[in-house]
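Structural characterization, general
Chain by chain, the residues:
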Amino acid sequence: MIDVKQSINIAFEYFKELYKPEDLQDVSLEEVELSDDEQYWFVTLGFSRPPSKLTNPLQAFAVQKLLPRDYKVVKIHTESGQVLSMKIRES
């Protein structure tokens, strides 16, 4: 059985394969849960999408603080470590 740290690493690697780094900001671990039957890890990752190209650094900083967070839940099989799904989690 893969442990919690392994499941987090798998989720981050999977996420990085699907998205370009420049398309996202502040990717972070939000939650990890083992299913009641211990068959699946549910790893929630949070991130922001960068504002469109802003030329003023002060404006970009202000907008960054107001960016909404998006969340994805990665479902991982505990025995194989295989990613089975990635879904949008409502905030």
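Residues numbered from 1 in each chain as written. Predicted model: local features only at pLDDT ≥ 70, side-chain atom pairs only at ≥ 80, totals over all residues. Heavy atoms only, no water.

1. Remarks on the packing of aromatic side chains
- Taken as a whole and assessed by the stated rule, the structure comprises four aromatic pairs.
- Residues Tyr-19 and Phe-47 carry aromatic rings whose centres are separated by 6.1 Å and whose planes lie at 40° to one another, so their mutual orientation is tilted. Remark: Phe-47 occurs in strand β2 (residues 40-48) and Tyr-19 occurs in the loop between α1 (4-18) and β1 (25-34); sequence separation between them is 28 residues.
- Residue Phe-47 is classed as buried on the basis of its relative accessible area of 0%.
- Relative to Phe-42, the ring of Tyr-40 lies with its centre 6.4 Å away and its plane at 55°, an arrangement referred to as tilted. (Phe/Tyr/Trp six-rings, centres within 6.5 Å; stacked < 30°, edge-to-face > 60°. Helix = DSSP H or I, 4+ residues; strand = E, 2+ residues; numbered from the N terminus. Buried < 20%, exposed > 50% of the residue type's maximum accessible area, 1.4 Å probe, protein only.)

2. Examining the sheet that holds strand β3 (residues 69-77)
- If you trace the four strands from one edge of the open sheet to the other, you get β1-β2-β3-β4, paired in antiparallel fashion. Looking along the sheet, the strands with just one partner apiece sit at the ends: β1 and β4 (83-88). Pairwise comparison of adjacent strand axes, ignoring direction, gives a mean angle of 20° for this sheet.
- Of the strand pairs in this sheet, β1 and β2 are connected by seven bridges, and their pairing is antiparallel. Residue pairing for β2: Glu-31 is matched across the bridge by Thr-44.
- Those strands touched by α1 are β1, β2, β3 and β4, and its axis lies near 50° from that of β2. (Pairing = 2+ DSSP bridges. Axes fitted to C-alpha atoms, helices over the stretch in contact; angles between N-to-C directions. Contact = heavy atoms within 4.5 Å.)

3. A look at the pairing of β3
- With nine bridges joining them, β2 and β3 adopt antiparallel strand pairing. Opposite Gly-46, over in β3, you have Tyr-71 as the bridge partner.
- Bridge count for β3 against β4 is five bridges, and the pairing is antiparallel. Paired with Lys-72 across the bridge in β4 is Ile-88.
- Counting the residues between successive antiparallel strands, the hairpin from β3 to β4 contains five residues, one of them, Gly-81, with a positive phi of roughly 80°.

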